[in-house]
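Read off the chains here:
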2 protein chains.
Amino acid sequence: MSKMAQTPQPPYYAVIFTSERTEGDRGYGTMADKMVELASAQPGFLGVESSSRDEDGLGITVSYWESLDAIKNWKEHSLHRVAQDTGKSTWYSRYRLRVCKVERDSFFEM
Amino acid sequence: MSKMAQTPQPPYYAVIFTSERTEGDRGYGTMADKMVELASAQPGFLGVESSSRDEDGLGITVSYWESLDAIKNWKEHSLHRVAQDTGKSTWYSRYRLRVCKVERDSFFEM
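The residue count restarts for each chain, going from 1 along the sequence in the order it is written. The naming scheme follows written order: chains are lettered A onward, ligands numbered 1 onward. Selection of residues for local features in this predicted model requires a pLDDT of at least 70, selection of side-chain atom pairs for listing and counting requires 80 or more, and totals for whole chains, interfaces and linings are taken over all residues. Side-chain calculation: all heavy atoms of the structure are included, whereas hydrogens and water are not.

S.K.: Is there a simple way to explain helix α3 (residues 78–91) of chain A in this structure?
M.R.: Because an α-helix packs 3.6 residues into every turn, residues spaced three or four apart end up facing the same way. Residues and elements named next belong to chain A. What counts as a helix is a DSSP run of H or I of at least four residues, what counts as a strand is a run of E of at least two, and both are numbered from the N terminus. A helix's residues, less one, multiplied by 1.5 Å, set its expected span. Here α3 spans 18 Å end to end across 14 residues, near enough to the 20 Å set by a 1.5 Å rise per residue. Think of it in three bands: residues with accessible area under 20% of the maximum for their type are buried, residues over 50% are exposed, and the middle band is partly exposed, with areas taken using a 1.4 Å probe on protein chains only. Along α3, the residues classified as buried are His80, Ala83, Gly87, Thr90 and Trp91. Projected down its long axis, α3 shows its buried positions confined to an angular sector of 115°, all on one face. What points out from α3, more than 90 degrees from its buried face, is the exposed set Ser78, Asp85 and Ser89. Where α3 is buried, its residues contact β1 (12–21), α1 (28–40), α2 (68–75) and β4 (92–109). Working note: the arc is built from the helix axis to C-beta atom directions. In what follows, a contact means two residues having at least one pair of non-hydrogen atoms within 4.5 Å.

Next up, the structure:
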């Protein structure tokens, strides 16, 4: 099965989360899985695409949403807030988060 | 040095390119490096973030641009067109390309 998100016709929204990790797992893997599961259950969630991360590498996760309100609600979800706080205190040495409006897209399949 | 793109204040544009590869390199690695180098030299280019790809994994590359015109010019660049054609005939089993307007962003550094 493809790991690509099945998104609808644009416009919709994307959150591009690019991160660099601190050393060691320290509960990160478990929480990351839990957050994907929880995000997937939120209203307005459309999909998520995540790359693997090599050592010292950049991690990129893009989640897709119906609206800015859906993104705001997810940002404020209580368990997600705990993860965000631990992200800053423990897991990430650096991250960037970009909220975007997807204006057009194209697909290719061999 | 951080592999994160140093982008200006929004708004600006992002192209999210998510792909799954066919088997074998077949010139892909060399062309991918060349395309990053060439893209970086185009007018309106702001930066690029790329994840590593595990076997059978998803590759995610996000490039950032000043305007939709800059994205259009890069799309139509003659060498980039050759790469796009070979991408469809040879390198990718599947891809999705999304053109987005970055409306806001936030950074964190430990």
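S.K.: Would you explain the packing of aromatic side chains in this entry?
M.R.: In this description, an aromatic ring pair is defined by two values, namely the gap between the centres and the angle between the planes. Between rings of Phe, Tyr and Trp, where Trp is taken as its six-membered ring, a pair exists when centres lie within 6.5 Å; planes separated by under 30 degrees are stacked, by over 60 edge-to-face, and by other angles tilted. Scanning the model with the defined rule gives 18 aromatic pairs over all chains in all. Seen from their ring centres, A:Trp65 and A:Trp74 are 6.4 Å apart, and the 25° between their planes marks the pair as stacked. As far as the burial class goes, A:Trp65 and A:Trp74 line up, both buried. Ring pairing ties together the aromatic residues A:Phe17, A:Tyr28, A:Trp91, A:Tyr92, A:Tyr95 and B:Phe108, which thus form one cluster.

S.K.: Looking at this model, I keep getting lost on the pattern of salt bridges. Mind explaining?
M.R.: Oppositely charged side chains may form a pair once their charged atoms are brought near each other. Should a side-chain nitrogen of Lys or Arg be within 4 Å of a carboxyl oxygen of Asp or Glu, the pair is scored as a salt bridge. Overall, the coordinates contain 8 salt bridges over all chains when judged by the stated rule. Between A:Glu76 and A:Lys72 there is a salt bridge; the shortest N-O distance is 3.6 Å. Here the salt bridges do not stand alone but share partners, grouping A:Glu20, A:Arg94 and B:Glu109 into one network.

S.K.: Please clarify how the relation of the copies chain A and chain B should be interpreted in this entry.
M.R.: Both copies of the chain are related by one operation, a rotation about an axis with a shift along it. Superposing chain A onto chain B takes a rotation of 180° combined with a translation of 0.0 Å along the rotation axis, leaving an RMSD of 0.0 Å. Accordingly, the operation relating the two chain copies is best matched by a two-fold axis. Superposing copies: least-squares fit, C-alpha atoms only, residues required to have pLDDT of at least 70 in both.

S.K.: What should I look at first to understand the packing of helix α1 (residues 28–40) of chain B against helix α3 (residues 78–91) of chain B in this one?
M.R.: Residues and elements named next belong to chain B. Only the stretch in contact is used when a helix axis is fitted, and all axes are lines through C-alpha atoms; the angle between N-to-C directions ranges over 0 to 180 degrees. Two numbers describe how α1 lies on α3: the axes approach to 11 Å, and their chain directions differ by 150°. As the angle between them shows, α1 and α3 are arranged roughly antiparallel. Here α1 runs over α3; the crossing is left-handed. Two secondary-structure elements touch here, α1 through Tyr28, Met31, Met35 and Leu38 and α3 through Leu79, His80, Val82, Ala83 and Trp91. Of the residues assigned to the contact of α1 with α3, the class counts are 8 nonpolar, 1 polar and no charged. Between 65 and 115 degrees an angle is taken as roughly perpendicular, under 35 as roughly parallel, over 145 as roughly antiparallel, and anywhere else as oblique. Left-handed describes a crossing in which the near helix is turned anticlockwise from the far one by less than a right angle; the clockwise case is right-handed. In the scheme used here, Gly and all other residues not listed as nonpolar or charged are polar, with Ala, Val, Leu, Ile, Met, Phe, Trp, Tyr, Cys and Pro taken as nonpolar and Asp, Glu, Lys and Arg as charged.

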